[in-house]
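A structural walkthrough
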Amino acid sequence: MSIVIKIAIDGPAAAGKSTIAKMTAEKLGYTYIDTGAMYRALAHKALSRNIDTTNGEELKNLLQETEIVLLPSTAGQAVIVDGIDVSEEIRSQQVTAHVSAVAIHQGVRELMVEKQRQLAEGTGVVMDGRDIGTAVLPTAELKIFMTASVEERASRRHIENDKRGITTSLDDLKAEISERDRADSEREVSPLRQATDAVLIDTTAMSIEEVANQISELAEKRMNL
Ligand code: DC
């Protein structure tokens, strides 16, 4: 018998989680949820209102009065905040530099986790982030921890930025990714960790297709238990 499952994909910054999660969701006809985009959406709104990113209480209040909608789009996922499409803006260097600070706060995370669980309720999902297998969907049937060397991740992001017409130095990207990994792994609330029952995939020497195929095979096995 084939069952509908939940798939959690976690891992460090720029490991290719979103690309793979989106491909897997499309293949299975599941909902794709990019939780990083939700933290980015809050960081973007906070920055536009000059809210101090160290003030957890204010950020939590801001999130309470914010509507974040994720819609499927050809580019991945459109992110609509309070009715405005901010899909491009949330990928800016400024948001990237501040998002980990926003994601540190317990009150913010509790609300985000609640929203994320609601989005996943009663449907097949592929959700990617940092704490999906450990905190958001601890009973997910398939958990993946996707990683790659920092050099490889920076190089992939460099190529991606080039295609989008954004000039960045490889060294700056390496430093930014390493710093985000450090902040995300060292925070007190739900730090980036591989769940004990997650399958580790090191994608450093793998193509996107190879990773997607491996995850599809694992998903098939879990669906046909
Ligand atoms: O996946 P991303 O790079 O777009 O995520 C942006 C940041 O959001 C990441 O550096 C940490 C935070 N994040 C988080 O704390 N928990 C998640 N589930 C997803 C992202």
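See the structure above.
An account of the accompanying structure is given in this report. As the structure is a prediction and not an experimental result, all values here were calculated from the model. Positions within a chain are numbered from 1, following the residues in the order the chain's sequence is written. Given that the model is predicted, a residue must reach a pLDDT of at least 70 before its local features are reported, and side-chain atom pairs must reach 80 or more before they are shown or counted; all residues, however, enter totals for whole chains, interfaces and linings. Values reported for side chains reflect all heavy atoms of the structure, with hydrogen atoms and water molecules removed beforehand.

Next up on the list: the site of the ligand. Being near a molecule or strand, for a residue, means having at least one of its heavy atoms within 4 Å of it. The immediate surroundings of the ligand are formed by 16 residues, with Arg 40, Arg 109, Asp 131, Asp 184 and Arg 187 found nearest. Here a polar contact means two N or O atoms within 3.5 Å. Within protein one must be a hydrogen donor candidate and the other an acceptor candidate, and residues neighboring in sequence count only if both atoms are side-chain atoms. Between the ligand and the protein, one listed contact pairs an oxygen atom with a side-chain N or O atom of Ser 100 at 3.3 Å. Separating an oxygen atom of the ligand from a side-chain N or O atom of Arg 187 is a distance of 2.8 Å. Reported accessibility uses the Shrake-Rupley method at a 1.4 Å probe radius. Residues are deemed covered only where the shown protein chains occlude them. Coverage of the ligand by the protein chains reaches 97% of its 440 Å² of free accessible surface.

Any two strands between which DSSP finds at least two bridges are classified as paired. Secondary structure is summarised from DSSP: a helix means a run of H or I of at least four residues, a strand means a run of E of at least two, and numbering begins at the N terminus for each. Spatially, 2-6-1-7-8 is the arrangement adopted by the five strands of the open sheet, whose pairing is parallel. Lying at the two open borders of the sheet, with one neighbouring strand each, are strand 2 (31-34) and strand 8 (199-202). Strand-to-strand twist in this sheet, taken as the mean axis angle between neighbours without regard to direction, amounts to 20 degrees. By the bridge criterion, four bridges tie strand 2 to strand 6 (residues 125-129) in an arrangement that is parallel. The partner of Thr 31 across the bridge, within strand 6, is Val 125. With axes taken as lines fitted to C-alpha atoms, and helix axes fitted only over the stretch in contact, angles between N-to-C directions fall between 0 and 180 degrees.

An order of 3-4-5 is seen for the three strands of this open sheet, with the pairing classed as antiparallel. Looking along the sheet, the strands with just one partner apiece sit at the ends: strand 3 (68-73) and strand 5 (84-85). With two bridges joining them, strand 4 (residues 76-81) and strand 5 adopt antiparallel strand pairing. From the neighbouring strand, Val 81 faces strand 5, where its bridge partner is Ile 84. In what follows, a contact means two residues having at least one pair of non-hydrogen atoms within 4.5 Å. Contacting strand 3 and strand 4, helix 2 (residues 35-48) runs over the sheet at an angle of about 35 degrees to strand 4.

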